[in-house]
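Tertiary structure, described
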Amino acid sequence: MGQIIAVTNQKGGVAKTTTVINLADALVRAGKKVLVVDLDPQGNATSGLGINRRELTSSIYQLLIDGDKAEDIILPTNFGELYVLPADIDLAGAELELAPLEARERRLLLGLQYVAPVFDYLLIDCPPSLGLLTLNALTAAESIIIPVQAEYYALEGLQQLFATFMKVRQSMNPRLNILGVLLTMYDARVNLAAQVVDQVKQHFGDLVFSVVIPRNVRLSEAPSHGMPISYYDPKSKGAATYRLLAEQVIERTKQ
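One structure accompanies this document, and this report is about it. Just so you know, these numbers come straight off a predicted model, no measurement behind them.

1. So, the overall build of the protein
Helix and strand counts for the protein stand at eleven helices and eight strands. In terms of overall size, the protein behaves like a compact globule, its C-alpha atoms giving a radius of gyration of 17 Å where 255 residues would be expected to give roughly 18 Å. Principal axes of the C-alpha set define a box for the protein whose edges measure 50 × 40 × 35 Å. Going through the 255 residues of the protein one by one, you find that 55% of them count as buried. Total accessible area computed for the protein in this model is approximately 11,400 Å², and 49% of it derives from carbon and sulfur atoms.

Shown next as structure tokens:
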């Protein structure tokens with residue numbers, strides 16, 4: 001069974017999608033077969049992997065609402081053993097449409113159960129909210145990665161995320177755990193950034209990955225070209241740090 005990891009933080013702009021795309025690619029480069037599950041109605045993980053959302057004939061929306069099979073929706077990418085379960089604009093209405101459905105919190109889990117054994121890792125890009133889509137991700141996942149921006153208000157909203165995490169763990173998914181807290185968008189030139197890093201480490205201790213993702217222009221440019229950073233600029237600091245993150249993720253999931 002592949003490791004299902006939800007990358008989640010209801011606070012937007014924390015490099016969540018950037019992390020999903022580049023961690024997935026780095027895991028592939030480490031010899032793993034990876035599926036990116038795009039659960040964000042913005043569909044940025046889909047387009048960031050070179051898939052044209054306007055040309056999709058089906059998406060994760062059909063899996064959640066209509067019960068379509070994941071294997072009929074999953075698409076290959078141009079990046080080796082990296083695949084994507086894509087999202088398009090239809091997903092924007094899924095929260096309302098999921099509400100009256102049977103097993104509404106488990107639709108993603110049910111949809112992934114037959115394809116999960118095919119992959120080593122399944123990375124879920126969650127929307128920046130704590131609604132039914134994120135609840136589906138937490139119910140399906142074995143662990144979560146929480147990206148935290150190394151800026152003021154970094155810890156804002158995390159208490160609510162942890163409360164949701166505990167509720168899901170207690171009532172729907174007892175195997176769910178926190179794989180790690182990932183500091184992102186770190187700018188060494190800003191004094192506050194180092195203070196935020198210290199603050200996050202005080203709060204989360206060993207849960208914090210030792211890798212810190214830098215604020216990097218090349219990282220922010222790569223998605224607009226529909227490719228991970230290792231293809232767009234393999235020598236960049238961003239590419240190097242995601243390779244290190246992949247090593248830590250592999251080590252932690254082994255444990």
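Moving on from the model shown.
2. Section: helix 6 (residues 132–140)
Each α-helix turn comprises 3.6 residues. Residues three or four places apart therefore point the same way. Taking burial as the measure, the nine residues of helix 6 include nine buried ones, the bulk of the element. All buried positions along helix 6 are accounted for by Leu132, Leu133, Thr134, Leu135, Asn136, Ala137, Leu138, Thr139 and Ala140.

3. So, empty space enclosed by the protein
Applying the stated rule across the entire model yields one cavity of 30 Å³ or more. There is about 40 Å³ of room inside the largest cavity. Considering the residues around the largest cavity, the lining is formed by Asn22, Asp25, Ala26, Arg29, Ile229, Ser230, Ala239, Tyr242 and Arg243. With four residues, the single largest contributor to the lining of the largest cavity is helix 1 (residues 16–29). Its residues placed into classes, the lining of the largest cavity shows four nonpolar, two polar and three charged.

4. What to know about the environment of leucine 112
On the secondary structure map, leucine 112 appears in helix 5 (residues 107–112). Separated by 37 residues in sequence, leucine 112 and glutamine 149 have C-alpha atoms that sit 30 Å apart. With near-sequence residues (within four places) excluded, leucine 112 lies in contact with Val37, Leu85 and Leu122.

5. Considerations on the nonpolar core
One finds Ile60, Leu64, Leu85, Leu108 and Ile124 to be the most contacted residues of the largest nonpolar core, which totals 52 residues. The greatest single-element share of this core, amounting to six residues, is contributed by helix 6. Those residues in contact with leucine 64 that sit more than four places away from it in its chain are Leu39, Leu91, Leu98, Leu101, Arg107, Leu108, Leu133 and Asn136. Counting residues in hydrophobic clusters, the runner-up holds 36 residues, among them Tyr121, Leu123, Tyr232 and Val249.

6. Structural notes on the layout of surface pockets
Reported here for the largest pocket is a volume of approximately 450 Å³. In terms of lining, the largest pocket is formed by 23 residues, of which the most central are Val14, Ala15, Lys16, Thr17 and Thr18. Residue composition of the lining of the largest pocket, by class: ten nonpolar, ten polar and three charged.

What counts, and where the lines are drawn
Residue positions are given per chain, counted from 1 along the sequence in the order it is written. Under the rules for a predicted model, residues below a pLDDT of 70 receive no local features and side-chain atom pairs below 80 are neither given nor counted, while totals for whole chains, interfaces and linings still include all residues. Where side-chain values are given, they derive from all heavy atoms of the structure, hydrogens and water being excluded. Only DSSP runs of H or I covering at least 4 residues are called helices, and only runs of E covering at least 2 are called strands; the numbering of each starts at the N terminus. The globule rule used for comparison is 2.2 Å times the number of residues to the exponent 0.38, while the radius of gyration itself is calculated over C-alpha atoms. Accessible area is worked out with a 1.4 Å probe on protein chains only. A residue is then buried under 20% of its type maximum, exposed over 50%, and partly exposed in between. Under the convention used here, a 1.4 Å probe and the Shrake-Rupley method define accessible areas, while residue burial counts only the protein chains that appear. In the cavity and pocket records, a cavity denotes points on a 1 Å grid over the protein atoms alone where a 1.4 Å probe fits but cannot get out, a pocket denotes an open set with protein on both sides within 12 Å along at least 5 of 7 lines, and lining residues are residues with an atom within 4 Å of a point. Grid points are joined across faces, edges and corners, and a volume is the space filled by probe spheres set on the points. Side-chain classes follow a simple rule in which Ala, Val, Leu, Ile, Met, Phe, Trp, Tyr, Cys and Pro form the nonpolar group, Asp, Glu, Lys and Arg form the charged group, and the remainder, Gly included, forms the polar group. Any pair of residues with heavy atoms lying within 4.5 Å of one another is described as a contacting pair. The set of buried Ala, Val, Leu, Ile, Met, Phe, Trp, Tyr and Cys residues whose side-chain atoms join them within 4.5 Å is what this entry labels a nonpolar core.

Read these as spatial facts, not as claims about activity.
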